[in-house]
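# Descriptive analysis of the structure
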Amino acid sequence: VCSIFEIPRASFLGVLERSQKDREHFERMHAKNEEVVTALTRVPILQNAPRRLLLLLHLSSKRRHLPAGDLSLSGDVEKTCAIIVLSGTASVYGPNGKQVRPVFPFECFNAEALLGTPNYDGNYVVPTSKVEVLILTEGVWRRTIPEFKEMQNSDSRILAAVAMKMERRHGFQPQTAEMLRHSALFRGLSEKMGNLIRGRVNNRICKPGEAIVTAGDEVRCMYLILDGAAVAEPASPLTPQSTEAEEDDAAKHP
């Protein structure tokens, strides 16, 4: 059983008309919400997203103001979330407590968590100044996205944002041929051709133990590792199957 107060909008606005001070209080709250929504438009995975989606994500997520050095985002639950720094500066730290890299302005740290990918590195965000952050969970993301047809490619947006982050991490200009031309295969490629290929790649995340490609399969792609490590393993040996003729021969010559 849930008991509630229902306050009609017209009644609420009517009461506010009687108190300028209280009206200004709620107007400031509204302005702050608008400020957060505007900041979210600068997050790569949310660029050109409908305003209503941004508002729903904001209202459904936790927003925190944290001082420099605060470690509350290093908790086990927070590590499974995507963290958006709305204002201030922060850095990514590893499980050993050492700084890994700065968080880029309006970057969605750990965006792959919205796809259900675990935080294998165990990295977390630590403010380096007073910050305002939005903590976005996979559950909120999955519940909110289906309403918006414009966001049906949201998984691709996230994968593209992750790829851009990896390019920056290794010192390359995102969405250019720089990363491709760093590999031996594409080293002599012209910049024009490299950019054309870069614009046609599919972004992908593979979990530990997942096969990227299996020997013997017909494939139509080549694979370039942006970040992380992979090994080539021999295919599992096939258990010899005795033929019917061999079984008959064995029966005749015990």
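Anything mentioned here points back to the structure above.
Structure report, in brief.

Cut-off values and rules
Residues numbered from 1 in each chain as written. Predicted model: local features only at pLDDT ≥ 70, side-chain atom pairs only at ≥ 80, totals over all residues. Heavy atoms only, no water. Phe/Tyr/Trp six-rings, centres within 6.5 Å; stacked < 30°, edge-to-face > 60°. Helix = DSSP H or I, 4+ residues; strand = E, 2+ residues; numbered from the N terminus. Buried < 20%, exposed > 50% of the residue type's maximum accessible area, 1.4 Å probe, protein only. 1 Å grid on protein atoms, 1.4 Å probe; cavity = no way out; pocket = protein on both sides within 12 Å on 5 of 7 lines; lining within 4 Å. Points joined across faces, edges and corners; volume = space filled by probe spheres on them. Nonpolar A, V, L, I, M, F, W, Y, C, P; charged D, E, K, R; others polar. Axes fitted to C-alpha atoms, helices over the stretch in contact; angles between N-to-C directions. Parallel < 35°, antiparallel > 145°, perpendicular 65-115°, else oblique. Left-handed = near helix turned anticlockwise from the far one by under 90°. Contact = heavy atoms within 4.5 Å. Pairing = 2+ DSSP bridges.

A few words now on the packing of aromatic side chains. Scanning the entire structure with this criterion turns up 2 aromatic pairs. Taking the centre distance of 5.1 Å and the plane angle of 85° together, the rings of Phe12 and Phe26 count as edge-to-face. Here the residue Phe12 occupies a position in helix α1 (residues 9-16), and Phe26 occupies one in helix α2 (residues 20-40), the gap between them amounting to 14 residues. Phe12 sits in the partly exposed class, given a relative accessible area of 32%.

On to the layout of surface pockets. The volume enclosed by the second largest pocket comes to roughly 170 Å³. Taken together, 14 residues make up the lining of the second largest pocket; nearest its centre are Pro44, Glu107, Cys108, Ala161 and Arg168. The element contributing the most residues to the lining of the second largest pocket is helix α5 (residues 154-169), with 5 residues. Per-class residue counts for the lining of the second largest pocket are 10 nonpolar, no polar and 4 charged.

Put simply, α2 and helix α3 (residues 51-60) touch, their axes get as near as 9 Å, and they point 115° apart. In terms of orientation, α2 and α3 fall into the roughly perpendicular class. Classified by chirality, the crossing of α3 by α2 is right-handed. Of the residues in α3, those touching α2 at Asn33, Glu34, Val36, Val37 and Leu40 are Arg51, Leu54, Leu55 and His58. Tallied by class, residues from the contact of α2 with α3 come to 5 nonpolar, 2 polar and 2 charged.

Time to look at the pairing of strand β2 (residues 82-87). Across the 6 residues that make up β2, a large majority, 5, are buried. Both β2 and strand β7 (residues 131-136) contribute to a ladder of 5 bridges, which runs antiparallel. Residue pairing across strands places Ile84 opposite Leu134, the latter belonging to β7. With 2 bridges connecting them, β2 and strand β5 (residues 108-109) associate as antiparallel partners.

The next point concerns the side chain of Thr117. Within the secondary structure, Thr117 sits in the loop between β5 and β6 (124-127). Beyond its immediate stretch of four places on either side in the chain, Thr117 contacts Glu112 and Ile205.

All right, on to the sheet that holds β5 then. Strand order across the open sheet formed by 4 strands is β1-β7-β2-β5, with antiparallel pairing between neighbours. Strands at the two margins of the open sheet, each flanked by one partner only, are β1 (62-66) and β5. Running over the sheet, α2 touches β1, β2 and β7 and is turned about 115° from β2.

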